[in-house]
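Report on the structure
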There are 2 protein chains.
Amino acid sequence: MTEVVRNFGAAVRQLREAQAWSQEQLAEHAGLNRSYIGEIERGRVTASIITVHKLARALDVPMAELLQPEPVTGPG
Amino acid sequence: MTEVVRNFGAAVRQLREAQAWSQEQLAEHAGLNRSYIGEIERGRVTASIITVHKLARALDVPMAELLQPEPVTGPG
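Residues numbered from 1 in each chain as written. Chains lettered and ligands numbered in written order. Predicted model: local features only at pLDDT ≥ 70, side-chain atom pairs only at ≥ 80, totals over all residues. Heavy atoms only, no water.

- In the annotation of an unreviewed UniProt entry, the entry for chain A reads Transcriptional regulator with XRE-family HTH domain, and the organism field reads Caballeronia udeis.

Okay, here's the thing in structure tokens:
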């Protein structure tokens, strides 16, 4: 699993949880499949730029926010 | 062809040309296939985040630079 894929999954999870959304709710907002969201967050699948765009739009963040070099880690 | 794919292709071409590289040279630096670079620039294929990472590293820009909402257009 490459670092890019893992970091992307962590960023999606972090931003989803910041919205207090379930994977189901994010899937619905993004027009994606719930199980696919789970696989993305676990770094099991490699997303395309179209998927990045759908997730960024659903989470209301720029695409760049999901592709930080390092995931935005919380305090501590 | 979605706007995201078209904008990504335009950004790759613009940054490649700014380096005065041929598609061949970019392909070599990124460890990708020359014809694939051509298809990306024409918006014919949807890149994965791993491809975005390879191209960003080769062009020495953050991944975000390749995924701007609108491609950075030159003067005029």
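That shown, we press on.
**A word on the overall build of chain A**
- Helix and strand counts for chain A stand at five helices and zero strands.
- Along chain A, from the amino end to the carboxyl end, the secondary structure elements read α-α-α-α-α.
- Sequence separation of 24 or more characterises 56% of the internal contacts of chain A that already satisfy a separation of 6 or more.
- Counting every atom, chain A has about 4,100 Å² of accessible surface; 48% of that belongs to carbon and sulfur. (Helix = DSSP H or I, 4+ residues; strand = E, 2+ residues; numbered from the N terminus. Contact = heavy atoms within 4.5 Å. Areas by Shrake-Rupley, 256 points an atom, 1.4 Å probe, with all protein chains shown as cover.)

**Thoughts on helix α3 (residues 34–41) of chain B**
Residue and element names in this part refer to chain B.
- Along α3, the residues classified as buried are I37, G38, I40 and E41. The buried residues of α3 all sit within an arc of 160 degrees when viewed along its axis, so they share a single face.
- On the buried face of α3, the contacting elements are α1 (3–18), α2 (23–30) and α4 (49–59).
- The positive-phi residue at the C-terminal boundary of α3 is G43, with phi of around 70 degrees. (Buried < 20%, exposed > 50% of the residue type's maximum accessible area, 1.4 Å probe, protein only. Arc of directions from axis to C-beta.)

**Thoughts on the pattern of salt bridges**
Residue and element names in this part refer to chain A.
- Taken as a whole and assessed by the stated rule, the structure comprises six salt bridges over all chains.
- Among the ionic pairs, E41 bridges to R13, the shortest N-O distance being 3.0 Å. Note that E41 is positioned in helix α3 (residues 34–41) and R13 in helix α1 (residues 3–18), a separation of 28 residues in sequence.
- Judged by relative accessible area, E41 falls into the buried class, the value being 6%. (Salt bridge = Lys/Arg side-chain N within 4 Å of Asp/Glu carboxyl O.)

**Examining the interface of chain B and chain A**
- Listed per partner, the contact involves 14 residues of chain B and 14 residues of chain A.
- Note on chain B versus chain A: buried area summed over both sides is about 1,300 Å², and carbon and sulfur give 88% of it.
- Its largest share of buried area at the contact with chain A, chain B owes to B:V4, B:I49 and B:L67, together 47% of the area lost on that side.
- At the boundary of chain B and chain A, one finds zero salt bridges.
- If you look at where chain B meets chain A, you find two residue pairs in polar contact (both at pLDDT 80 or more).
- Listing elements by their share of the side of chain B that touches chain A, those giving two or more residues are α1, α4 and α5 (63–66) of chain B. (Buried area = accessible area lost by both parts, 1.4 Å probe. Polar contact = N/O pair within 3.5 Å; in protein donor to acceptor, adjacent residues only side chain to side chain.)

**Some words on the confidence of the model for chain A**
- Summary statistics for chain A give a mean pLDDT of 91 and a share of 89% for residues scoring 70 or more.
- Of all secondary-structure elements in chain A, the lowest mean pLDDT belongs to helix α5 (residues 63–66) of chain A, at 93, while helix α2 (residues 23–30) of chain A reaches the highest, 98. (pLDDT = per-residue confidence, 0-100.)

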